[in-house]
Amino acid sequence: KLCAWMYLETYRQKKPIIYIDLSQISNSKNKLQILENQFREQLTGSFYEWFTQHDKVIAFDNISKESKCIDLIKYCEEQFSQIFIFSNSDIYRSYYIDDERFSDYVETKIKTFCHSKQEELISKWLRTKNNSESPDHNLIDSIETNINSIIIDNKVLPRYPFFILSILQTYESFMPENLRISAYGHCYHALILARLIKTGISQDDSALESAFTFCSNLAFQIYKEGNNDALDENIFNKFQENYSSEYIIKDSVLNRLFSEYGLLENKDGKIRFSIQYSFYYFLGKYLTENYDENKEAISSMVESSFARHNSLTLIFTIHHANDLLIIDEIITYTLCAIDNTKPAKLIKDETLIFNDLLNRILPDKLEKSGDVSEERKKERVLRTQAEEMQKDSNEVTEEKIVTLASQNTLLNQLFQCNKNIEILSQILKNKTGSLKKKKLYEMVETICDAGLKMASIMLENQSEIDLYINFVYKQYRESDEYDNTKSDTYHIQNIKQELIFKVMLWVLSSIEKSIHAINKPELREIVFQLSQDKATPAYEVIKYFFVLDTCQKFDDSTKSNFEYMVKKYNKIEHPFLNRMISIRTQHYESTHKVKEHYRQNIFSTLGIGYKKPKIQSKASDIHS
């Protein structure tokens, strides 16, 4: 599609261009005849007159390893001033990445989408589907949540438009009748199935089942070798020999698995899955189907869930699972993590430490442009930046995290708690319809308590903060950066403010992590019941933020929840909670279309000056 678009754009610019689909050309030695034939199909007029032009452009699509492709390209290098070659990334990596024949070409790649582009694509998809020009921001948010829960890691499933649209289409039209795997698992199943069919593997059940069984066993063999990436070719040959003695697999199926579009590749004597998500998908499938024999291995993964390969394997294993054994084990480990710390309640005594900072750090009123689309773009830019920072951090610190966790019990439990929230969130968002309410309640409670325990670590014993301040100050005094022109009181006060600000960020991010993990509308009844049972300010805040994240629109019910929270947690008695509620509500108002009388109510209830936004007229209205 990109090649076709570029061809049309070049043609519109009045430049002579011709398009060649390399998969459709013959092996003819007469290269000029091939070009003339293509010209006759695409253009009118004299081919020879067109061919004598000096600034001709040619676009080659679907290059393969066949020699006819290179032969034609090399011929055209002498005839055309500009040449574009479009290649599948798998083929490029396999055959041409180090090819000196293309050393004069500039390599470009399609980048993965950022969150802004993803929202734009979803919005266009909804407009096309519903034949509507007005975007439903709440619906977009809901769809984004589904997509982001599947694209858990850009390394596993890159955020390319093809994958985003595939997920949208799978959710919309092709959910399986037999829900042995979750919606999440089915999306990956559909992508793998499409790739297998593209290789030319027969679509009959026996051929596909044979391919799936082989890949599952191979993924487990890679896992057993402890590399989590690839098998040495000699080990693979031995595995294949043992596999063939137990299972029937046709050579044609095996060859297709290693073909250009196959799931497997042999690179430098190493056998690996060509796309990373297929490795975790098949490993999860194997572990689920052979759970009894691998209980210890799975328990070990749960115990070290903070390691990326363990958490990803667990997520895929759970999405294949029919029973609750793995889920129960993760819940148990999460409940036991940070066992000596009670979940934060966010009562006055706990949040008193932040009161002095509020007016200086957290604004009473958010600055905004007044344009919902602009505000949403800003938010998604921040999401992308956070994702990039996390990716860079993971690459640098994954090994360090595992080392730190093995050396420090508290850090181990913190890392585990943090990662288990993500794993349980995956289950909640993709298995809601297949789990009983009692189990869903237990999972939501576990997630929220885990986040509140993490928040409580720095709130539980605030006298320790003074110890931290003194420790940091002593280190600073002994450093070369110490400014001796300022007093001790000045330095200690600055350190205290910085440290308390970091503590506040930690508390807010821990709570938001739990809220993000449960933001599925179907869980509303359970979240409300849990808030009522717990009856703490923290759980009431979680309930209200859940309402904002999952409501279809800001209506009378949302308004009632908002007014109740502002009245109960007023500025005088609960300044920290009041500011949290205010900022979160203002953020919702600025990023969603809210009816005017509700907007007025939000600002008057918060006691903030309100200015009615200017109505932007359409160009047609201005003209008339």
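Residues numbered from 1 in each chain as written. Predicted model: local features only at pLDDT ≥ 70, side-chain atom pairs only at ≥ 80, totals over all residues. Heavy atoms only, no water.

Things to note about the sheet that holds strand S3 (residues 82-85)
Next, step 1: In spatial order, the strands read S1-S2-S3; together these three strands make up an open sheet with parallel pairing. Both edges of this open sheet fall to strand S1 (17-21) and S3, since each of them pairs with a single strand only. Sheet twist, expressed as the average angle between the axes of neighbouring strands with direction ignored, equals 15°.
Next, step 2: Two strands pair when backbone bridges link them, and S1 and strand S2 (residues 57-61) are joined in this way by five bridges, in the parallel orientation. Across the sheet, residue isoleucine 17 finds its bridge partner in S2, namely valine 57.
Next, step 3: Running over the sheet, helix H1 (residues 2-12) touches S1, S2 and S3 and is turned about 165° from S1. (Pairing = 2+ DSSP bridges. Helix = DSSP H or I, 4+ residues; strand = E, 2+ residues; numbered from the N terminus. Axes fitted to C-alpha atoms, helices over the stretch in contact; angles between N-to-C directions. Contact = heavy atoms within 4.5 Å.)

Concerning unusual backbone geometry
Next, step 1: The residue lysine 14 is not glycine, and still its phi comes out positive at about 65°.
Next, step 2: With respect to the helices and strands, the residue lysine 14 is situated in the loop between H1 and S1.
Next, step 3: Exposure remark for lysine 14: the relative accessible area of 75% places this residue in the exposed category.
Next, step 4: Of note in the backbone geometry, aspartate 268 takes a positive phi value of approximately 55° without being a glycine. (Buried < 20%, exposed > 50% of the residue type's maximum accessible area, 1.4 Å probe, protein only.)

Section: helix H28 (residues 596-606)
Next, step 1: For H28, the complete set of buried residues consists of Tyr598, Arg599, Asn601, Ile602, Phe603 and Leu606.
Next, step 2: Contacts from the buried residues of H28 go to helix H26 (556-568) and helix H27 (575-591).
Next, step 3: In the segment just after H28, glycine 607 is the residue with positive phi, at about 70°.

Some points on the sheet that holds strand S6 (residues 270-273)
Within a sheet, adjacent strands bond to each other through the backbone by hydrogen bonds, running parallel or antiparallel.
Next, step 1: Taken in spatial order, the three strands line up as S4-S6-S5 in an open sheet, and their pairing is antiparallel. Whereas interior strands pair on both sides, the edge strands pair on one side only; in this sheet they are strand S4 (230-232) and strand S5 (264-267). Averaged over neighbouring strand pairs, the angle between their axes works out to 25° when direction is ignored.
Next, step 2: As judged from the three bridges shared by S4 and S6, these two strands associate in the antiparallel manner. By the bridge assignment, leucine 231 is partnered in S6 with isoleucine 271.
Next, step 3: Strand contacts of helix H11 (residues 233-246): S4, S5 and S6, with the helix running at about 90° to S4, the strand carrying the most contacts.

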